[in-house]
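These are the residues of each chain, in order.
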Amino acid sequence: MAGKPKLHYTNGRGKMESIRWLLAAAGVEFEEEFIETKEDLEKLRNDGSLLFQQVPMVEIDGMKMVQTRAILSYIAAKHNLYGKDLKERAWIDMYVEGTTDLMGMIMYLPFQPAEAKEKNLALIIERATARYFPAYEKVLKDHGHDYLVGNKLSWADIHLLEAILMAEECKPDILSAFPLLQAFKGRISNIPTIKKFLQPGSQRKPPADEKFIAHVKKIFNM
Amino acid sequence: MLPSWTENQELRSMSEKPRLIYFNGRGRMESVRWLLAAARVEFEEIFLDTREQYVKLIKDGSLMFQQVPLVEIDGMKMVQTRAILSYIAGKYNLYGKDLKERAFIDMYVEGITDLMHMILMFPFSPPEAKEKNLALITERATHRYFPVFEKALKQHGQDFLVGNQVSWADIQLMEVILAVEEKTPAVLLAFPQLQAFKTRMSNMPAIKKFLQPGSPRKPPPDDHYVSTVLKVLAEE
């Protein structure tokens, strides 16, 4: 159990960003080893470090864990961010799957062909405001608590904050019709570990720019 | 102020049988059918044949993200396949004995899900892409996914993938082996451990029963299935 978790990924958000968020929120310090070139990726593959030849990969508790969801579930459970019983876990899982779908759309936007970008951005905004945010706004409204599940901070809350901030980068006033989510955003952002993560100098990564996208495409043969 | 379906909901949760709402075909619900069957849990099914049924589900507020699968289980209207499967696995002791076993089960299941997703989407791919997609499914199965499970079984020499007892990962692996074999019959040629695994799993009573005619197992998707899905979801 000794040693900090070590994250293997490119020096950008991608699928690893949710893991950075969760570790940071849990107050867990972690190291990062960045894949800068195709050769870096090949070396990880040839070493047998990547179960399915893919990253993210996180070295944690003696395991070389792959598959984002598996890694996140493990961290959540280990750090008491996964509810108190099976049913709370079920709700957390449902909510996280929704935010994963939304963030997945946003993540892939820069990799879509240029002519599809405008249409896909419009779809993201439509889905955020007509499918996902209404669901979470309703959850908060129905129980009136500060957190999504079990009146206690969980993985679902951290993931939702991440999704909200990503969506706001697409459209700054995207929360305008969701007063409870606005309040939620304020509350969760003020949790000390999360507040720290949101400040400059943390391991949070910036949105991908064109140069970074080209760099990633080269490494992964996309 | 509660909607009228709430009373039915509570009555139903007392009757214990989960209720699956989906198209009459495999899709994303098939893994749920496999897992419930392997856990020997009887379930009911409601099939979506018309767009009107789907629109009504949305209007009723039954679909949290306006999507199916939907599984009514233990008083919850569960959506999101992975959430549903995790809940069933956890409830019926198919999720390992501790956090680390769960981590391995999750890793294996996620890999299998990626392969399964390719198969799931295959009937919806344009005709000109089908040959390429089929080749990719076979390539990924034989070079990326099956070697991992072959190695895991060889290394520990046990009957099941994790913790020497049957888990969600074994059931999911069995499902994907059969699904790939439907497309590439000789796919297990180079994988003797997986061949033996497949035989062992087939002989487990609950799975044996599920593999027989008359079970809730659904046939491979055909044109009728594809057109029903597109019609109900009103996708172009």
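Predicted, not measured: the structure shown is a model, and the values here were computed from it.

About the thresholds
- Residues numbered from 1 in each chain as written.
- Chains lettered and ligands numbered in written order.
- Predicted model: local features only at pLDDT ≥ 70, side-chain atom pairs only at ≥ 80, totals over all residues.
- Heavy atoms only, no water.
- Helix = DSSP H or I, 4+ residues; strand = E, 2+ residues; numbered from the N terminus.
- Rg over C-alpha atoms; globule rule 2.2 N^0.38 Å.
- Contact = heavy atoms within 4.5 Å.
- Areas by Shrake-Rupley, 256 points an atom, 1.4 Å probe, with all protein chains shown as cover.
- Lys, Arg positive; Asp, Glu negative; His and termini not counted.
- Charge placed at Lys NZ, Arg CZ, Asp CG, Glu CD.
- Buried area = accessible area lost by both parts, 1.4 Å probe.
- Salt bridge = Lys/Arg side-chain N within 4 Å of Asp/Glu carboxyl O.
- Polar contact = N/O pair within 3.5 Å; in protein donor to acceptor, adjacent residues only side chain to side chain.
- Nonpolar A, V, L, I, M, F, W, Y, C, P; charged D, E, K, R; others polar.
- Pairing = 2+ DSSP bridges.
- Axes fitted to C-alpha atoms, helices over the stretch in contact; angles between N-to-C directions.
- UniProt positions renumbered as here; feature names shortened; annotations may be inferred.
- Buried < 20%, exposed > 50% of the residue type's maximum accessible area, 1.4 Å probe, protein only.
- Core = buried A, V, L, I, M, F, W, Y, C linked by side-chain atoms within 4.5 Å.

We now examine the overall build of chain A. If you tally the helices and strands in chain A, you get 9 helices and 4 strands. When the elements of chain A are put in sequence order from the N terminus, they spell out β-α-β-α-β-β-α-α-α-α-α-α-α. Taken over C-alpha atoms, the radius of gyration comes to 18 Å for chain A, in line with the 17 Å a tight globule of 222 residues would show. Dimensions along the principal axes, computed over C-alpha positions, put chain A at roughly 50 × 50 × 30 Å. Taking all contacts inside chain A whose residues are at least 6 apart in sequence as the whole, residues at least 24 apart take part in 66%.

So, about the overall build of chain B. Regarding its fold elements, chain B presents 10 helices and 4 strands. Listed N to C, the secondary structure of chain B is α-β-α-β-α-β-β-α-α-α-α-α-α-α in terms of helices and strands. The C-alpha atoms of chain B give 18 Å as radius of gyration, which agrees with the globular expectation for 236 residues (18 Å, within 12%). For chain B, contacts bridging at least 24 residues in sequence account for 67% of all contacts bridging at least 6. Carbon and sulfur atoms form 54% of the exposed surface of chain B, whose accessible area is close to 11,500 Å². Each charge sign in chain B was given a centre, from 30 positive and 30 negative side chains, and these centres are 3 Å apart.

On the side of chain A, 34 residues touch chain B, which itself brings 32 residues to the contact. Between chain B and chain A, the buried area comes to about 2,900 Å², and carbon and sulfur atoms account for 65% of it. Residue A:Arg69 pairs with B:Glu110 through a salt bridge whose shortest N-O separation is 3.4 Å. Counting the contacts that link chain B with chain A gives 10 residue pairs in polar contact (both at pLDDT 80 or more). If you list the elements that add at least two residues to the side of chain B that touches chain A, you get strand 4 (76-79), helix 4 (81-91), helix 5 (99-121) and helix 6 (127-156) of chain B. In terms of residue count, helix 5 of chain B provides more of the side of chain B that touches chain A than any other element does, 11 residues in total. In terms of residue class, the side of chain B that touches chain A is built from 16 nonpolar, 6 polar and 10 charged.

Let's shift gears to the sheet that holds strand 3 (residues 57-60) of chain A. All names here are of chain A. If you walk across this open sheet you meet the 4 strands as 2-1-3-4, and the pairing is mixed. Strand pairing shows two members of the sheet lacking a second neighbour, strand 2 (31-34) and strand 4 (63-66), which therefore form its edges. Between one strand and the next, the sheet's axes are offset by a mean angle of 20°, whatever the strand orientation. Its contacts with the sheet put helix 1 (residues 17-25) on strand 1 (6-9), strand 2 and strand 3, and the angle it makes with strand 1 is roughly 165°.

The next subject is the UniProt feature "domain: GST N-terminal" (unreviewed entry) in chain B. Here, the residues flagged by UniProt with the feature "domain: GST N-terminal" (unreviewed entry) are residues 16-96 of chain B. Strand forms 20% of residues 16-96 of chain B and helix 36%; the C-alpha atoms that close the span are 24 Å apart.

The next point concerns helix 2 (residues 30-38) of chain B. Across the 9 residues of helix 2 of chain B, 8 count as buried, placing the element largely inside the fold. Of the residues one or two after helix 2 of chain B, B:Arg40 is the one with positive phi, at around 60°.

Within this structure's numbering, the places UniProt gives as "domain: GST C-terminal" (unreviewed entry) are residues 98-222 of chain B. Between the first and last C-alpha atoms of residues 98-222 of chain B the distance is 41 Å; the span itself is 70% helix and 0% strand.

With that out of the way, let us pick up the sheet that holds strand 2 (residues 44-47) of chain B. Adjacent strands of a sheet pair through backbone hydrogen bonds, lying either parallel or antiparallel. All names here are of chain B. Pairing is mixed in the open sheet, where 4 strands are placed in the order 2-1-3-4. Because the sheet does not close on itself, it has two edges, and the strands there are strand 2 and strand 4. The sheet shows a mean angle of 20° between the axes of neighbouring strands, direction not considered. Pairing of strand 1 (residues 19-22) with strand 2, which is carried by 4 bridges, proceeds in the parallel orientation. Bridge pairing links Arg 19 to Glu 44 in strand 2.

Below, the discussion takes up the nonpolar core. Membership of the largest hydrophobic core comes to 150 residues, with the highest contact counts inside it found for A:Phe133, A:Leu148, B:Phe146 and B:Phe149. In this view, B:Phe146 contacts B:Leu115, B:Ala141, B:Val176, B:Ile177, B:Val180, B:Val187, B:Leu188, B:Phe191 and B:Leu194; residues no more than four positions away in its chain are not counted.

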